[in-house]
Amino acid sequence: MKKMEQIYEGKAKKVFATDDPTLVLVSYKDDATAFNGEKRGTIVGKGAINNRVTNHLMQILEKEGVPTHFVEELSDRETVVKKVSIVPLEVIIRNISAGSFAKRFGVEEGIVFAEPTIEFSYKNDELGDPLMNAYHAVALGCATWEEIDTIKAMAFKVNDVLKAFFKAVNVDLVDFKLEFGRTPDGTIVLADEISPDTCRFWDSTTHEKLDKDRFRRDLGGVEDAYSEMMRRIMGIG
């Protein structure tokens, strides 16, 4: 397979065409952003960690029956994935109150919910990814009701699988963002990434933050936290 021209560059990744029209190559960057791009920086080694962690978790999810866009890891930073059209919804699953949820509802961080919550935001950087409900998504043509039902079921399945996986490595999966894509035949698959950039991870014992919040909140030790999560997820050391 041959890497061709760059077709997209986002905040954390570049996407390249390949000589196979059904596949693209994703290259992960060390650039870090927060607050819709208002805060910018670099987390050394982040691209390699997020690439490897995402691929590992996607393969676990595939084995549990969740279809994903993953095809093959080429190197530390580059992975081949199925070419999909991204559904313009960010899907957020929350197991514990934190971040914008705690702020929005005026509650403390750390409340463990009896059952997970789900929310959607409209994937649009210019608008700041505003919250939306399923009726908005259908009205705007982002997804059909059938696709919404599929996405919700898949998101909760991802949560069940990953919560159990992370519990086994002494990490609480606080909340996380997912994105989904459509393959050419219309099949919905899990896309984008699952990493310390897109999830909140707390050590189950100490409640230490092991994710991008360390960058957002200037807590220090960002690279160490990402490395620690890779170590636990990949079973290194």
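Read on for a plain summary of the structure.

Conventions and cut-offs
- Residues numbered from 1 in each chain as written.
- Predicted model: local features only at pLDDT ≥ 70, side-chain atom pairs only at ≥ 80, totals over all residues.
- Heavy atoms only, no water.
- 1 Å grid on protein atoms, 1.4 Å probe; cavity = no way out; pocket = protein on both sides within 12 Å on 5 of 7 lines; lining within 4 Å.
- Points joined across faces, edges and corners; volume = space filled by probe spheres on them.
- Helix = DSSP H or I, 4+ residues; strand = E, 2+ residues; numbered from the N terminus.
- Nonpolar A, V, L, I, M, F, W, Y, C, P; charged D, E, K, R; others polar.
- Expected span 1.5 Å × (residues − 1).
- Buried < 20%, exposed > 50% of the residue type's maximum accessible area, 1.4 Å probe, protein only.
- Pairing = 2+ DSSP bridges.
- Axes fitted to C-alpha atoms, helices over the stretch in contact; angles between N-to-C directions.
- Contact = heavy atoms within 4.5 Å.
- Polar contact = N/O pair within 3.5 Å; in protein donor to acceptor, adjacent residues only side chain to side chain.
- Phe/Tyr/Trp six-rings, centres within 6.5 Å; stacked < 30°, edge-to-face > 60°.
- Lys NZ or Arg CZ within 6 Å of the ring centre and 35° of its normal.
- Salt bridge = Lys/Arg side-chain N within 4 Å of Asp/Glu carboxyl O.

1. Observations concerning empty space enclosed by the protein
To find leftover empty space, a probe the size of one water molecule is rolled over the atoms.
Thought 1: Scanning all chains against the criterion turns up one cavity of 30 Å³ or more.
Thought 2: Roughly 50 Å³ of internal volume is contained in the largest cavity.
Thought 3: As for the largest cavity, its lining consists of Val 26, Tyr 28, Thr 54, Asn 55, Met 58, His 69, Phe 70, Thr 79, Val 81 and Asp 192.
Thought 4: Here the lining of the largest cavity takes three residues from helix H1 (residues 46-63), the largest share from any one element.
Thought 5: Along the lines of polarity and charge, the residues of the lining of the largest cavity split into five nonpolar, four polar and one charged.

2. Considerations on helix H4 (residues 145-167)
A turn of α-helix holds 3.6 residues, and therefore any two residues three or four places apart point the same way.
Thought 1: For H4, which comprises 23 residues, the first-to-last C-alpha distance of 33 Å matches the rise-based estimate of 33 Å (1.5 Å per residue) to within 8%.
Thought 2: Within the sequence span of H4, burial applies to Glu 147, Ile 148, Ile 151, Met 154, Ala 155, Val 158, Asn 159, Val 161, Leu 162, Phe 165 and Phe 166.

3. Here we look at the sheet that holds strand E1 (residues 3-9)
Thought 1: Here five strands make up an open sheet; going across it, the order is E1-E2-E3-E7-E6 and the pairing antiparallel. Of all strands in the sheet, those with a lone pairing partner are E1 and strand E6 (70-73), marking the two edges. Strand after strand, the sheet turns through a mean of 30° between neighbouring axes, direction not considered.
Thought 2: Seen against the sheet, H1 touches strand E3 (23-28), E6 and strand E7 (78-82) and runs at an angle of roughly 130° to E6.

4. Description of the side chain of Thr 18
Thought 1: Topologically, Thr 18 is positioned in strand E2 (residues 13-18).
Thought 2: Polar contacts involving the side chain of Thr 18 include one to the main-chain carbonyl oxygen of Asp 20, which spans 2.9 Å.
Thought 3: Among the polar contacts made by the side chain of Thr 18, one reaches the main-chain carbonyl oxygen of Leu 23 at a distance of 3.0 Å.
Thought 4: Those residues in contact with Thr 18, other than ones at most four positions away along the chain, are Met 1, Lys 2, Met 4, Leu 23, Val 24 and Leu 25.

5. Side note on the packing of aromatic side chains
Thought 1: Counting across every chain of the model gives five aromatic pairs.
Thought 2: Every member of this aromatic cluster is reached through a ring pair, and the members are Phe 101, Phe 105 and Phe 113.
Thought 3: Directly above the ring of Phe 16 sits Lys 3, whose terminal nitrogen or CZ lies 4.2 Å from the centroid.
Thought 4: Cation over ring: Lys 39 sits above Phe 215, and NZ or CZ is 4.8 Å from the ring centre.

6. Here's the deal with the pattern of salt bridges
Between side chains of opposite charge, a pair can form when the charged atoms approach closely.
Thought 1: As enumerated under the stated definition, the model contains 26 salt bridges in all.
Thought 2: One salt bridge in this structure joins Asp 218 and Lys 39, with 2.5 Å as the shortest N-O distance. Residue Asp 218 is located in the loop between helix H5 (213-216) and helix H6 (222-234), and its partner Lys 39 is located in strand E5 (residues 39-42); the two are separated by 179 residues in the primary sequence.
Thought 3: Residue Lys 39 is classed as buried on the basis of its relative accessible area of 18%.
Thought 4: Of the charged contacts, one joins Lys 167 and Asp 172 as a salt bridge, the two residues approaching to 2.8 Å between their closest N and O atoms.
Thought 5: According to the relative accessible area criterion, Lys 167 is exposed, its value standing at 52%.
Thought 6: A single network of salt bridges, built from pairs that share partners, joins Arg 94, Arg 104, Glu 109, Glu 119, Asp 175, Arg 200, Lys 209, Asp 213, Arg 216 and Arg 217.

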